[in-house]
Amino acid sequence: MKHYVMTLLAALMLWTLPAVAQNGPLRLELTEGVIEPMPFAVPEFVADDAAGAEMGRRIAQVVAADLTGTGLFREIPQDAFISRVTSFSSPVQFADWKAINAQALVTGAVTLDSTGKLVVRFRLYDVFAGQELGDGLQLVGTQDGWRRIAHKVADQVYSRITGEAPYFDSRVVFVSETGPKDQRAKRLAIMDYDGANVSYLTGSSSIVLAPRFSPSGDRILYTSYESGFPRIYVMNVGSAQRRALEQQEGSMSFAPRFAPDGRTVVYSMTRGGNTDLYSMDINSGAGTRLTTAPSIETAPSFSPDGRRIVFESDRSGNQQLYVMPANGGEAQRISFGQGRYGTPVWSPRGDLIAFTKQSKGRFHIGVMRVDGSEERLLTASFLEEGPTWSPNGRVIMFTRETQGAQGSASLYSVDITGRNLREVPTDTGASDPSWSPLQD
Amino acid sequence: MNYLSKTILLCAGMALAACSNPDRFADGSGGAGGMNNGVGAGMAGSAQDPASPVYFQQTVGDRVLFAVDQSTLSAEAQATLDGQAQWLMTNSDYSAVIEGHADEQGTREYNLALGARRANSVHEYLVSRGVADNRLKVVSYGKERPIELCADEACYSKNRRAVTVISAVPSS
Amino acid sequence: MNTGQIISGAGHLALMGWALFGGAFQSEPLPFQVTEVTAISAEEFAALSNAPNNPEAVANVDTPEPPAEGEGVPELSATEDATPEMSQPEASETPPADTVPEPQEPPAPLPEAEVSDAPPVLTPPEEDVAALVPEVSPRPQPRPAPRVAPEPVAQPDPDVEIDEVDQQETTPDAEAAETVKEDTRETAREEATTEIVTEAEENDLASAAPTRSPRPRTRPETPATEAEPTQDAPAPSEPETDENAVNNALAEALGQGQAQTGGTDQGAPSGPPLTAGEKDALRVAVQNCWNVGSLSSEALRTTVVVSVTMSEDSRPVTSSIEMLSASGGSGSAAKQAYEAARRAIIRCGASGFNLPKDKYDHWRDIEMTFNPERMRIK
């Protein structure tokens, strides 16, 4: 009887699962992949006329530069292409793109609508799967804003392939530096994240330091010597209108940072030689003292949930990192390596803290978990400091300064894996970058 | 606030504005550099006149130096400051701004706080020697205004300084 | 008609129009998602003192003219919101620090004490301590290379084509005439290092500190693992087990000729199971195309199980590839992890895997588990 049932069962299995061999599927576990830039192709976006074609070429270039700049992708040069994309709507010849090992393909079209607005459409393909990744998308904007449209296209591509949140359509406020070290002129400036579209927000008659974006990117806090003494100002990015924040007579204030609520500002104030952290309502000017130690407390940074503040203090004898509740109170030391730790900045993802470390006469940018564990140094040079996070928490930008009388400052970025260290192009010297949130 | 202190403030502001003007070394004053040049250039008097700010700067000594990360005053620094206090007591119409500085081996905001500590040390010392508190102001430039540019201790040691800048001509 | 009627009529007309056109517009399937980007120009910006010209202003949907294209038109989507999907990654686990030894247990938190001038008495081991290590690193120093792979690959000759596998020139595969490549140019794998080398580590040579603890190299599974690790899977793969009965029954049900025809009616050969070496070769071949470098940190924590059916010429059937399961990350992270796995299978299988033809039955259906755990700490 049992035998009969088994036979029946087996016959049934064979009938229902003809594709499965009697041994079942071969099973493999893969644990060792490779890490390499993914080759992609972005043919010039197609257009109806010559003017459009020029725009299509430039947009494709910016998209490619954004992707290449991450270090996660590698552009396949146009002259290697086998197929030309002449129409946005005709089917993609996947074989031609496979042949040059383009794993991702971005196609696009540029037109102007009746009101003169730029209309950009694009599609992203997984070449080897022969499939579109996500839907085609259309973006409309002013012709002057073509770079932003290109960044938005690249953001989509980046996000769809990697799964990371995007960051290309963002800006950076920084201090533009000219002149020798002992008489350096400093101006507040703002640019696209990739160094394009630089605008100056202040003149060069007063030293300005360490600007920081508000959580929505509409305002900037910074320190200026306009009054002869370091004092905190808030500037509206759109209008460049600025005003000084409340300041106690005879004090110096600096190192301002917005809380995630966009209303509260934490900063350092020095009175009688002692520097402590304070917080202030930016509208009313009402302030609270957060630390009361005789040591230096500065460089605060909020956790993304606004509940904690990481800062640096030399209360132990030299600069180390501490975390305390946002309204003050007991602080926990989180840095324990040899050397000095400063300028902590909480990642927008909340999981890491970037910092500057000085050790054995060199400076490093590093990251650690918020409890101080798993410290990793990403860079090393004569002098570097002031990390700022990309909106998606994947990239860190910072200041690097070369030594000696001819030394100058410039901006660098590095992936949080420590790969892809590269200089951000700026016309002048540049320092103290602060990365904006992703633009709307 | 009386008229005098307003004037002093105004002049202090002007002096500082001059200092942060990148062209302030255009007169080619060479290696001496620093915040004090703007003052000396704008002031009457000579090194021979003991009542002149130039005398203060060059003969009395307008600056004291600090060890790495420190804001304590060495014996040598105290001697210099004794002279400064004496000069300020004698020339009581002048006021001064004490500038604190740091070398470049540190992060920007920390060095700002460190410079403030150094300026404050000088301030407290001068007050302890009898200079009126309201004649003195302190400011920190952190590592923003080095006077020596090499990347060696020889330069760094000169940059870790507090400079007493006579900031106003007597208001008569 | 009095005024009231006119007003009422006009109002109703307007209402109907709104309902009609508004509604019609809504239900019209839009082939594109649309976003309007408003950007500020440099000139506009220069005129900063002008009216508050907020560059962040984002207007909405512009009426899209549906592009009239034939195939390849994306899924119709009425969503007008083209905001990039921001899958906020959960707090991601960072790779453990290679440069720094285990951080010491943080000592009791410093009291917020007014004055705690005394430095905490701790002697944390740090990379500096390692400066006592011999001047010259005994291990070959990984050189930074754009590619990180399980095995280091030296920089190839400049005139050698980069390929996924090392290939000798002129090696016509004698046996398989149909798989002979038309083109047997010499190729070599791209230069690769085994670890990410950061600048901080590169420079450590100067300080003679080891860049990282010498993590044991991972080895291929030992041949002992030939037995499938499928305790949890009810697949009838082990003849020694209870399924034996099923197999016997199968044989019986199909008659004696079954063994020769491979158990199905497709006439495929079914030799002995794949040897450990053959399986390993396949695993390595796919791994070589499994590029996790472009994955988010969250996708790097996601293990996906992917099934694929192979054609008899040992190429994967692209349409058969599917994700069976995923663990460790969100749905969107799993999607990217799966897509990377799919690319690995298709790319490295494009010219056929090196699989024994006589064992087709054993590799026609393959389940691959892509577990990137070890790749996170590279």
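What you are looking at is a predicted structure, and each value in this text was computed from that prediction instead of being measured.

Chemist: Is there a simple way to explain the overall build of chain C in this structure?
Modeler: A count of helices and strands for chain C gives nine helices and six strands. The contacts in chain C between residues at least 6 apart in sequence include a share of 75% that link residues at least 24 apart. In the form shown here, chain C has an accessible surface area of approximately 21000 Å², with 56% of it arising from carbon and sulfur atoms.

Chemist: In this structure, what is going on with the overall build of chain A? I would like to understand it.
Modeler: Of regular secondary structure, chain A possesses four helices and 32 strands. Dimensions of chain A, computed from C-alpha atoms along their principal axes, come out at roughly 95 × 70 × 45 Å. For chain A, restricting intrachain contacts to residue pairs at least 6 apart in sequence, the fraction spanning at least 24 positions comes to 43%. Carbon together with sulfur atoms contributes 50% to the accessible area of chain A, which is approximately 14100 Å² in total. If the 43 positive side-chain charges of chain A are averaged to one point and the 47 negative ones to another, these points end up 3 Å apart.

Chemist: Would you mind going over the interface of chain B and chain A with me for this structure?
Modeler: The parts lose accessible area when they come together, and the size of an interface is often stated as this lost area. Each partner contributes residues to the interface: chain B has 31 residues there, and chain A has 47 residues. Summed over the shared surface of chain B and chain A, the number is seven salt bridges. For the interface between chain B and chain A, the tally reads 15 residue pairs in polar contact (both at pLDDT 80 or more). Only α5 (108-128) and β3 (136-142) of chain B provide two or more residues apiece to the side of chain B that touches chain A. A per-class count over the side of chain B that touches chain A returns 15 nonpolar, six polar and 10 charged.

Chemist: Help me understand the sheet that holds strand β2 (residues 96-101) of chain B, please; the structure alone is not making it clear to me.
Modeler: For sheets, the rule is that strands pair by backbone hydrogen bonds, running either parallel or antiparallel. Residues and elements named next belong to chain B. If you walk across this open sheet you meet the four strands as β1-β4-β2-β3, and the pairing is mixed. Of all strands in the sheet, those bounded by a partner on one side alone are β1 (63-65) and β3. Geometrically, the sheet is characterised by an average inter-axis angle of 15° between neighbouring strands, direction not taken into account. Across five bridges, β2 lies against strand β4 (residues 161-166) in antiparallel orientation. Bridged to glycine 100 within β4 is alanine 162. Helix-sheet contacts for helix α4 (residues 75-90) involve β1, β2, β3 and β4, and the interaxial angle to β1 is about 160°.

Chemist: How should I be thinking about the pairing of strand β10 (residues 185-192) of chain A in this particular structure?
Modeler: Side-chain direction in a regular strand flips from residue to residue, so the side chains alternate between the two faces of the sheet. Residue and element names in this part refer to chain A. Judged by how many residues are buried, β10 sits mostly within the fold: seven of eight residues are covered. Inspection of the sheet shows strand β9 (residues 171-178) paired to β10 by eight bridges, in the antiparallel sense. Looking at the pairing, valine 172 lines up with methionine 191 of β10. Here β9 folds back onto β10 in antiparallel fashion, the turn holding six residues, of which glycine 179 has a positive phi close to 90°. Across two bridges, β10 lies against strand β11 (residues 199-200) in antiparallel orientation. In the sheet register, isoleucine 190 faces β11, and the bridge partner there is serine 199. Between β10 and β11, which pair antiparallel and follow one another directly, the connecting turn spans six residues, one of which, glycine 195, has a positive phi of 95°.

Chemist: Whenever I open this one, the side chain of A:Arg123 confuses me. Can you help?
Modeler: Take A:Arg123: it is sitting in strand β6 (residues 118-126). Of note is the side chain of A:Arg123, whose polar atom sits 3.4 Å from the side chain of A:Glu132.

Chemist: Is there a simple way to explain the packing of aromatic side chains in this structure?
Modeler: What characterises a pair of aromatic rings is the spacing of the ring centres plus the angle enclosed by the ring planes. All names here are of chain A. Enumeration over the complete set of coordinates arrives at 20 aromatic pairs over all chains. Summarising the aromatic geometry, the rings of phenylalanine 40 and phenylalanine 73 are spaced 6.1 Å apart at their centres and angled 85° between planes, so their arrangement reads as edge-to-face. Highlighted residues: phenylalanine 40 in strand β2 (residues 38-41) and phenylalanine 73 in strand β4 (residues 73-75), separated in sequence by 33 residues. When its relative accessible area of 3% is taken as the criterion, phenylalanine 73 is described as buried.

Chemist: Is there a simple way to think about the environment of A:Met368 in this case?
Modeler: Residues and elements named next belong to chain A. Mapped onto the elements of the fold, methionine 368 is located in strand β26 (residues 362-369). Sequence separation of methionine 368 and isoleucine 334 is 34 residues, and the distance between their C-alpha atoms is 9.2 Å. In this structure methionine 368 touches Leu321, Ile334, Ser335, Tyr341, Asp351, Leu352, Ile353, Phe355, Ser373, Glu374 and Glu375, once residues within four positions along its chain are discounted.

Chemist: Is there a simple way to think about the state of the cysteines in this case?
Modeler: In protein chemistry, a disulfide is the covalent bond that joins the sulfur atoms of two cysteines. One pass over the full model with this rule turns up two disulfides over all chains. Paired by a disulfide, B:Cys150 and B:Cys155 hold their sulfur atoms 1.8 Å apart. Sign of the S-S torsion, about 120° for the bond between B:Cys150 and B:Cys155, identifies this disulfide as right-handed. Overall, B:Cys155 belongs to the buried group, its relative accessible area being 8%. Each sulfur in the disulfide pair C:Cys289 and C:Cys348 lies 1.7 Å from the other. On the sign convention where negative means left-handed, the S-S torsion of about 75° between C:Cys289 and C:Cys348 marks this disulfide as right-handed. Of this pair, C:Cys289 sits in the loop between α7 (276-287) and β4 (303-309) while C:Cys348 sits in helix α8 (residues 331-349), and the two are 59 residues apart along the sequence. Grouping residues by exposure puts C:Cys289 and C:Cys348 together as buried.

Chemist: What is the right way to look at the domain arrangement of chain A in this model?
Modeler: All names here are of chain A. Per the domain assignment, the segments of chain A are domain 1 (38-162) and domain 2 (172-435). The straight-line distance from the C-alpha centre of domain 1 to that of domain 2 is 36 Å. Contacts between domain 1 and domain 2 engage nine residues on the former and 11 residues on the latter. Of the roughly 710 Å² buried between domain 1 and domain 2, counting both surfaces, carbon and sulfur atoms make up 39%. It is Leu72, Arg147 and Tyr158 that lose the most area in domain 1 upon contact with domain 2, and together they represent 46% of the buried surface on that side. Linking domain 1 to domain 2 there are one salt bridge. For aspartate 194, the salt bridge is made with arginine 147, and the minimal N-O distance between the two is 3.1 Å. Mapped by element, the contributors of at least two residues to the side of domain 1 that touches domain 2 are α2 (50-69) and α4 (146-162).

Chemist: Which parts of the structure should I look at to understand unusual backbone geometry?
Modeler: Generally, phi is negative for residues other than glycine and the peptide bonds are trans, each holding for most cases. For A:Ala210, which is not a glycine, the phi torsion comes out positive at approximately 45°. You can see A:Ala210 is positioned in strand β12 (residues 208-213). What makes A:Ala210 buried here is its relative accessible area of 5%. Even without glycine at this site, B:Asp69 takes up a positive phi of about 65°. Mapped onto the elements, B:Asp69 comes out in the loop between β1 and α4.

Here is what the cut-offs are and how they apply
- Residues numbered from 1 in each chain as written.
- Chains lettered and ligands numbered in written order.
- Predicted model: local features only at pLDDT ≥ 70, side-chain atom pairs only at ≥ 80, totals over all residues.
- Heavy atoms only, no water.
- Helix = DSSP H or I, 4+ residues; strand = E, 2+ residues; numbered from the N terminus.
- Contact = heavy atoms within 4.5 Å.
- Areas by Shrake-Rupley, 256 points an atom, 1.4 Å probe, with all protein chains shown as cover.
- Lys, Arg positive; Asp, Glu negative; His and termini not counted.
- Charge placed at Lys NZ, Arg CZ, Asp CG, Glu CD.
- Salt bridge = Lys/Arg side-chain N within 4 Å of Asp/Glu carboxyl O.
- Polar contact = N/O pair within 3.5 Å; in protein donor to acceptor, adjacent residues only side chain to side chain.
- Nonpolar A, V, L, I, M, F, W, Y, C, P; charged D, E, K, R; others polar.
- Pairing = 2+ DSSP bridges.
- Axes fitted to C-alpha atoms, helices over the stretch in contact; angles between N-to-C directions.
- Buried < 20%, exposed > 50% of the residue type's maximum accessible area, 1.4 Å probe, protein only.
- Phe/Tyr/Trp six-rings, centres within 6.5 Å; stacked < 30°, edge-to-face > 60°.
- Disulfide = S-S within 2.5 Å.
- Domains from an automatic or database assignment.
- Buried area = accessible area lost by both parts, 1.4 Å probe.

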